[in-house]
Amino acid sequence: MHKVIVGLGSCGIAAGARAVYETFKAQIAGGELAEKVKLEITSCVGMCYCEPLVEVVDNDGRRTLYGRIDEKKAARIYEEHVVRGRPAADLVVDPSAAGSDAHAFLSRQKKIVLRNCGVIDPESLDAYIAVGGYEALRKAVAMDRKAVIETVKRSGVRGRGGAGFSTGLKWQFAFDAPGEKKYVVCNADEGDPGAFMDRSTLEGDPHSVLEGMIICAYAVGAQKGYIYCRAEYPLAVHRLKIAIRQASARGFLGKNILGAGFDLALVVKEGAGAFVCGEETALMASIEGHRGMPRKRPPFPAQSGLFGCPTNINNVETYANIPWVITNGADKFAAIGTEKSKGSKVFALAGKIKRGGLVEVPMGITIGEIVEEIGGGSNTGRPLKAVQLGGPSGGCIPASMFDTKVDYDEVTRTGAIMGSGGMLVMDETTCMVDVARFFLQFTQTESCGKCTFCRIGTMRMLEILNRITEGRGAMADLDALESLSSDIIKGSLCGLGQTAPNPVLTTLKYFRDEYVEHIGQKKCRAGVCKALIKYRIKDNCNGCTACVKVCPTNAITGQRKQQHSITQDKCVKCGRCYLKCNFDAIVVE
Amino acid sequence: MASTVKIRIDGRDFNVDAGLTVLKAAEKQGFRIPTLCSCKDLAPFSSCFVCLVEVRGAKGFVPACSTLVSDGMDISIESAVARRARKTALELLVSDHLGDCEAPCVSACPSRVPIRDFLALAAKGEYIKAAQKIRETMPFPGSLGRVCPRFCEKECRRTRVDEAVSICYMKRFVSDMEIKAGGPFMPAPGSPTGKSVGIIGAGPAGLSAAYFLRLQGHDVTIYERQKDAGGMMKWGIPDYRLPPDILAKECGAIIGMGVEVKYGVNVGKDIMFDEISKKHDAVFLAIGAQKTSDMPIEGRTSRGVVSGVEFLDAIAKGGRPEVGDKVIVVGGGNTAMDAARCSVRLGAEVVIVYRRSEKEMPANAFEVEEAKHEGVKFELLSVPVKVREEGGRLYFTCLRMGLGAPDASGRRRPVPIDGSDFIIEADTCITAIGQQVDGSIADNTSLKLTKWGTPEYDIHTMQTCLPGVFVGGDGATGADVAVRAVDAGRRAACSIGQFLRGEKVTGEAVKFNSSMGPLDKVPAEVFAGFLKQQVTRMPMLVAEKRTKTFEEVETGFTVDGGGHEAKRCLGCGCVEADDCKLREYCTEYAVDQNRYAGKRRGYENDSTHPIAVLESGKCINCGICVRLLEEDGSHSLGFIGRGFDTRIKPPFEKLLSETGTAGLSFASDACPTAGIADRKKYETKHVGIPGVSK
């Protein structure tokens, strides 16, 4: 029996996988092999750069992976491979072939959290069970609750949401807290721009998250749990709800789970889109029906959390690690990584990089290895300048520090944070002042508006950055940025405010010369800040008029086959001509 | 018994009850930590961050309101770092505070007249109370209501709707009404303190100081060179602008509060300064600036050339000097206008010679207008360089001037044009090119003088280098307007009071003052609710009548006119200005509103509810109202929006009137600013409620 598996994660769907799926469906149903070929779905394997992905499993179990498939190519694969048994070699991406892109992308990864993503059908409980799913739960409920917590502690798992607090210790606090009623909460409110680790996990392997939560509930003594997932993740919410139904039907959820004498009900709560609800106290307020506004800690959720009860909150990635830890043992997990950062970390690799996507790497790998070896380096041919780690709460790490290890403490020392795993790669065409401005604009508009320093302080910083990028900055602005940053970090209740200045501080630390250039010479070397740049057509222009056609303001004039010129008053600096020109005749100054 | 923990605050050790917040524990031990978002009826919230303190070992600053004490905690409240953090929080809060503490007219008034409040009383027909309200800071409503240059009206926000409120005329109006009712009605002097103050000069500064010192209960003796009180208001301002009986009533009312005036006493001749010093516990020098500046030209001593000060003085004393048919007045200030307009009344044709253009004239614009109206001619950009007397007639050689670059005063410097000389003839020349202070009073004293002959002094406390000797008015600043002299008297009285009580002399307290910005920068929404209303015009004598008499030119508002004008006041300034915690802390921490100047949340005013008015531009997002209304279940207000623009408003775009009433009065009572304020306060303090009075 042949199997055709289409990757139907959000990324695949966005790239056109549904049409590919429908093509196979029609071909199979309409062909003579209808009884002999099974069409299945899976989710994202992380190779976003070559979606949509299709895998064909032959009768003998041989697996062939095809990348960048469209409807036409799908029809070809069906005809050539499924019907005639001859793989369409030119469409194959072969992770096992040394030297191939896919090999480079996958071979250095260590899949724990994403172990089933892109492998199994996320909408099938049987598929999960077939790869050992819910075995960890069986094992856990056979253990003493304290022993479960001990195992998690010993494994060294730290919170993958960003702060990196010991997960076992957190569970211990919730366990120790007096109270009949306790909660487990999964933070699936992934909101960093460019981050999609949790979405992929939920879409690709929802049961692993549920299993982690159930084990946690058993260990800490919780009877109810919430998965707080952003409503902008409809597929994740859909698959989570399917998984909860399936798990309840099989006795993994509900009353007297696996006969172990404990109950757990799980509810998916959809967030309405506030970034700050990813902060645990705001998240709980939101579940309770209040506005998502953080409050002072202590008391920590383990003492007084949801509805005032002891509550354990972890994020998606943390919970997804738990079944692996229980199944394989604390020591095996602790064997991976560095002294204080164990296991693996998932990153969403994006930006000016050849192979963007979702990667899971062992702790201790360097940023350079991720960027250069897994990601394949710059996709523009221009040298890389920095990576932004941790999204708007994180910071920039310059290329000169790419030997920094993926390790909570080492990353923190650079001024960035590990964060939830966004890794944005930047080359020389990225203006670092603009990057800081972009992230600060994000956090400013997402501030809940409660703390004075966060609400007004970040606005004042943003105004300064706007001035600098518009060529109206003064050197004293840099001191003001630093002093405001320090006050905002020290004078905000929650992580949003406490980390909002990080992008500014790290770019000031590593790219101060760019700030100074913006202010002193009114120059943006990356050619990004519109007020400081000018487009000019050089004398190698051959008058092809391609630029004229894309200019939205008719600012470009000239005779056909002769050098053109730009009327600066009319130019809105959109850069379309620059991108369009095939002869490098347009320059940014 | 509750268990206790040991903590240290600012280096001192205390045992305090466990379970207390740092804020409560510190307060119990007598420390004071500012806080805006904590409310005794509610659990801690921590949003304002004005209560930040340092705790040794903590990661950042610690909000005292929501941090529980723990054993061994080492807290710094008054450290420079903690104070700076709190100040920064306050400066950030007020950078987004779209409100005026004080109405801009009051800020502009040198005498700080409570304009909004007196107009509100006048609008209700309570004229005596209105005049008394003015006297809280300025005891000459009738006189200054006639001669003040109206700094207030230039800042009047009503200008953005139609025209400024006639604040100055309204002062006069309420004073006229009070006098008609038998006034002025002065407040009772303070209970006697046994201290005595000697004041030299019974002009506006001296009398103003006397008034405020009597209110404090000190004995006051004024030494006055002239035979009558009033100073330059009496001797320098013509009767047609300030009728003598009005001034006499106001001076008399002050003197009637128990002030002893020794007239005809020339200090330095009849009595020595040292003697006055010895006789009194403090001395206030309010000697004015009457010495005329000389015109530095050839022939200046010619017969027929007189000084403006002497000329006006002679008229004030009832004289009617012979000026002939044609008068030249040299100068462009108020004295020049007064001299010119007096000369018109003496039957002469008058030409004012001024070396710059009309724009640069220091005289009040309306004085210039009135002079023109009465037929005075102007030779602008002209300067006399020589005068020759021949046969009882004066011949002036003048030069035309061009305007060069601005000088130190910001006015463009006149530059003579070669060969432009011309000759004007006249019978009399009145020079009014400035006045000086006669510094001879300082002879044989250790008073230090500046190069202008004025005593050196602290412009805030008015103290000279001699203990207990204060100075103010023209005698300290050089010739200036009366309203500033009256202000100087009040401020000096405050400092003198401190000195006499043995306190540190700090002068009048200056409160923090939030401002919506200069007139043209105030958001248009502020004025959206107000309709245009015709300004009340001042009835005047017709021009022909004026040239024959020294009768008052402005005849005063009618009752209807005054009532209408009072109601034109927009009621700027905050209803909670005297009861605002934000303002109190900003004053205490010497906050600069412009330190973090930037975008402010726009102006919004919801005055649809009968109980409270919501002005979210003044809100600091402390959420006390939200939390109170949540506790009582009405949920009338909530945090709306995100980021910088987060505001507290009724949910779902509702108006306040569409929400419940329950709890609103508690909410407005508990609001630390005027984000939500009791509507009654608007109704008593404002003539109009912004956004409602249409």
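What you see is a predicted model; the values in this text were computed from it and never measured.

1. As for the overall build of chain B
- Counting its regular elements, chain B contains 23 helices and 25 strands.
- Judged by the C-alpha coordinates and their principal axes, chain B covers about 105 × 60 × 55 Å.
- Out of the 694 residues belonging to chain B, those deemed buried represent 58%.
- For chain B, the proportion of contacts with a sequence separation of at least 24, taken over those separated by at least 6, is 70%.
- A total of about 28600 Å² of accessible surface is found on chain B, and carbon and sulfur atoms cover 51% of it.
- Charge-centre separation for chain B: the mean point of 92 positive side chains lies 2 Å from the mean point of 90 negative side chains.

2. Examining the pattern of salt bridges
- On inspection of all chains with the given rule, the structure shows 91 salt bridges over all chains.
- A salt bridge links A:E369 to A:R108; its shortest N-O distance comes to 3.6 Å. Of this pair, A:E369 sits in helix α15 (residues 367-374) while A:R108 is found in the loop between α4 (101-107) and α5 (125-130), placing the two residues 261 residues apart along the sequence.
- Across the salt bridge formed by B:R490 and B:E508, the nearest N and O atoms sit 2.8 Å from each other. With B:R490 in helix α17 (residues 482-500) and B:E508 in the loop between α17 and α18 (543-546), this residue pair connects regions lying 18 residues apart in the sequence.
- Relative accessible area serves as the criterion here: at 5%, B:R490 is assigned to the buried category.

3. Looking at the domain arrangement of chain B
Residues and elements named next belong to chain B.
- As far as domains go, chain B holds domain 1 (4-78), domain 2 (104-183 + 533-567), domain 3 (196-289 + 439-500), domain 4 (292-436) and domain 5 (598-685).
- Computed from C-alpha atoms alone, the centre-to-centre distance between domain 1 and domain 5 is 29 Å.
- Every contact between the two is made by 10 residues of domain 1 and, on the other side, 10 residues of domain 5.
- For the domain 1 and domain 5 pair, buried surface summed over both sides reaches about 760 Å², with 70% attributable to carbon and sulfur atoms.
- For domain 1, the biggest contributors to the area lost against domain 5 are L36, L42 and F45; these three give 63% of the whole.
- Across the domain 1-domain 5 interface, the total number found is 3 residue pairs in polar contact (both at pLDDT 80 or more).
- Taken together, the residues of the side of domain 1 that touches domain 5 break down into 7 nonpolar, 2 polar and 1 charged.

4. Let's talk about the environment of B:G562
Residue and element names in this part refer to chain B.
- Looking at the secondary structure, you find G562 in helix α19 (residues 559-567).
- Separated by 187 residues in the primary sequence, G562 and G375 have C-alpha atoms spaced 30 Å apart.
- Filtering out sequence-adjacent residues up to four positions away, G562 remains in contact with M170, F173 and F557.

5. A word on the pairing of strand β13 (residues 349-353) of chain B
All names here are of chain B.
- For β13, the tally of buried residues reaches 4 of 5 residues, placing the bulk of the element in the interior.
- By the bridge criterion, 5 bridges tie strand β12 (residues 326-330) to β13 in an arrangement that is parallel. Bridge pairing in β13 links V329 to I352.
- Viewed along the sheet, the connection from β12 through helix α14 (residues 334-345) into β13 turns out right-handed.
- In the sheet, β13 pairs with strand β14 (residues 377-379) via 3 bridges, with the strands oriented parallel. Within β14, the position partnered with V351 by the bridge is K377.
- Remark: the β13/helix α15 (residues 365-373)/β14 crossover connection has right-handed handedness.

6. Side note on the nonpolar core
- A:L481, A:Y515 and B:I7 are the most contacted members of the largest nonpolar core, which totals 114 residues.
- By residue number, the principal contributor to this core is helix α18 (residues 452-469) of chain A, which donates 9 residues.
- With 87 residues, the next largest nonpolar core counts B:F212, B:V220, B:I237 and B:V259 among its residues.

7. Quick notes on a positive patch on the surface
All names here are of chain A.
- A cluster of basic residues, K549, R560, K561 and K580, forms a positive patch on the protein surface.
- Examined against the element boundaries, K561 turns out to sit in the loop between β15 (556-557) and β16 (565-566).
- Assessed through its relative accessible area of 69%, K561 is described here as exposed.

8. Remarks on the sheet that holds strand β2 (residues 12-17) of chain B
Residue and element names in this part refer to chain B.
- As summarised here, the arrangement of the 5 strands in space is β2-β1-β5-β3-β4, forming an open sheet in which the pairing is mixed. Each end of this open sheet is capped by a strand with a single partner; those strands are β2 and β4 (62-63).
- As paired elements, strand β3 (residues 52-55) and β4 share 2 bridges and run antiparallel to each other. The residue of β4 that forms the bridge with L52 is P63.
- Running over the sheet, helix α2 (residues 80-95) touches β3 and β5 (74-76) and is turned about 150 degrees from β3.

9. Notes on the interface of chain A and chain B
- Taken together, the contact pairs 29 residues of chain A with 33 residues of chain B.
- The interface formed by chain A and chain B contains 3 salt bridges.
- Here B:R642 makes a salt bridge to A:E446, at a shortest N to O gap of 2.5 Å.
- Taken together, the links from chain A to chain B amount to 19 residue pairs in polar contact (both at pLDDT 80 or more).
- Contributions of two or more residues to the side of chain A that touches chain B are made by α17 (432-446), α18 and α19 (476-490) of chain A.
- At 8 residues, α18(A) tops the list of elements feeding residues into the side of chain A that touches chain B.
- Partitioned by chemical class, the residues of the side of chain A that touches chain B number 10 nonpolar, 10 polar and 9 charged.

10. Some thoughts on a nonpolar patch on the surface
All names here are of chain A.
- On the surface, a cluster of nonpolar side chains totalling about 260 Å² of accessible area is made up of F165, L169 and F173.
- Assignment of secondary structure puts L169 in helix α8 (residues 167-176).
- Judged by relative accessible area, L169 falls into the partly exposed class, the value being 33%.

11. Side note on the sheet that holds strand β11 (residues 305-307) of chain B
Residues and elements named next belong to chain B.
- What the 5 strands build is an open sheet, ordered β11-β19-β12-β13-β14; its pairing is parallel. Because the sheet does not close on itself, it has two edges, and the strands there are β11 and β14. Averaged over all pairs of adjacent strands, the angle between their axes in this sheet comes to 25 degrees, without regard to strand direction.
- Relative to strand β19 (residues 428-431), β12 runs parallel, the two sharing 4 bridges. Paired with V327 across the bridge in β19 is T428.

12. Overview of the environment of A:D70
All names here are of chain A.
- Along the chain, the position of D70 falls in the loop between β4 (63-66) and α3 (71-83).
- The exposure class assigned to D70 is partly exposed, which follows from its relative accessible area of 36%.
- The spatial distance from the C-alpha of D70 to the C-alpha of C48 is 15 Å, given a sequence separation of 22 residues.
- A polar atom in the side chain of D70 sits 3.2 Å from the backbone nitrogen of K72.

13. Focus on the packing of aromatic side chains
- One pass over the full model with this rule turns up 20 aromatic pairs over all chains.
- The interplanar angle of 55 degrees and the centroid separation of 6.3 Å between the aromatic rings of B:Y240 and B:F550 together place this pair among those described as tilted. On the criterion of sequence distance, the pair formed by B:Y240 in the loop between α10 (232-235) and α11 (244-255) and B:F550 in the loop between α18 and α19 is long-range, its members being 310 residues apart. Residues B:Y240 and B:F550 agree in their burial class; the two are buried.
- Here a set of aromatic residues connected by ring pairs shows up, and it is made of B:Y127, B:Y169, B:F173 and B:F557.
- The ring of A:Y233 has A:R199 lying over it, and the distance from NZ or CZ to the ring centre is 5.9 Å.
- Positioned above the aromatic ring of B:Y240, the side-chain terminus of B:R345 is 3.6 Å from the ring centre.

14. Some points on helix α13 (residues 308-316) of chain B
Residue and element names in this part refer to chain B.
- Burial of α13 is extensive: 7 of the 9 residues sit out of reach of the surface.
- By the burial criterion, the buried members of α13 are G308, V309, F311, L312, D313, I315 and A316.
- Of the residues flanking the end of α13, it is G318, one or two places downstream, whose phi is positive at about 95 degrees.

15. Some details on the packing of helix α9 (residues 204-215) of chain B against α11(B)
All names here are of chain B.
- Put simply, α9 and α11 touch, their axes get as near as 9 Å, and they point 40 degrees apart. Put simply, α9 runs oblique to α11. The handedness of the crossing between α9 and α11 is left-handed. Two secondary-structure elements touch here, α9 through L207, A210 and Y211 and α11 through C251, I254 and I255.
- Here the residues of the contact of α9 with α11 sort into 6 nonpolar, no polar and no charged.

Conventions and cut-offs
Residues numbered from 1 in each chain as written. Chains lettered and ligands numbered in written order. Predicted model: local features only at pLDDT ≥ 70, side-chain atom pairs only at ≥ 80, totals over all residues. Heavy atoms only, no water. Helix = DSSP H or I, 4+ residues; strand = E, 2+ residues; numbered from the N terminus. Buried < 20%, exposed > 50% of the residue type's maximum accessible area, 1.4 Å probe, protein only. Contact = heavy atoms within 4.5 Å. Areas by Shrake-Rupley, 256 points an atom, 1.4 Å probe, with all protein chains shown as cover. Lys, Arg positive; Asp, Glu negative; His and termini not counted. Charge placed at Lys NZ, Arg CZ, Asp CG, Glu CD. Salt bridge = Lys/Arg side-chain N within 4 Å of Asp/Glu carboxyl O. Domains from an automatic or database assignment. Buried area = accessible area lost by both parts, 1.4 Å probe. Polar contact = N/O pair within 3.5 Å; in protein donor to acceptor, adjacent residues only side chain to side chain. Nonpolar A, V, L, I, M, F, W, Y, C, P; charged D, E, K, R; others polar. Pairing = 2+ DSSP bridges. Right-handed = clockwise from strand over helix to strand, strands pointing away. Core = buried A, V, L, I, M, F, W, Y, C linked by side-chain atoms within 4.5 Å. Patch = residues over 30% accessible without salt bridge, like charges linked within 9 Å, V, L, I, M, F, W, Y side chains within 5 Å. Axes fitted to C-alpha atoms, helices over the stretch in contact; angles between N-to-C directions. Phe/Tyr/Trp six-rings, centres within 6.5 Å; stacked < 30°, edge-to-face > 60°. Lys NZ or Arg CZ within 6 Å of the ring centre and 35° of its normal. Parallel < 35°, antiparallel > 145°, perpendicular 65-115°, else oblique. Left-handed = near helix turned anticlockwise from the far one by under 90°.

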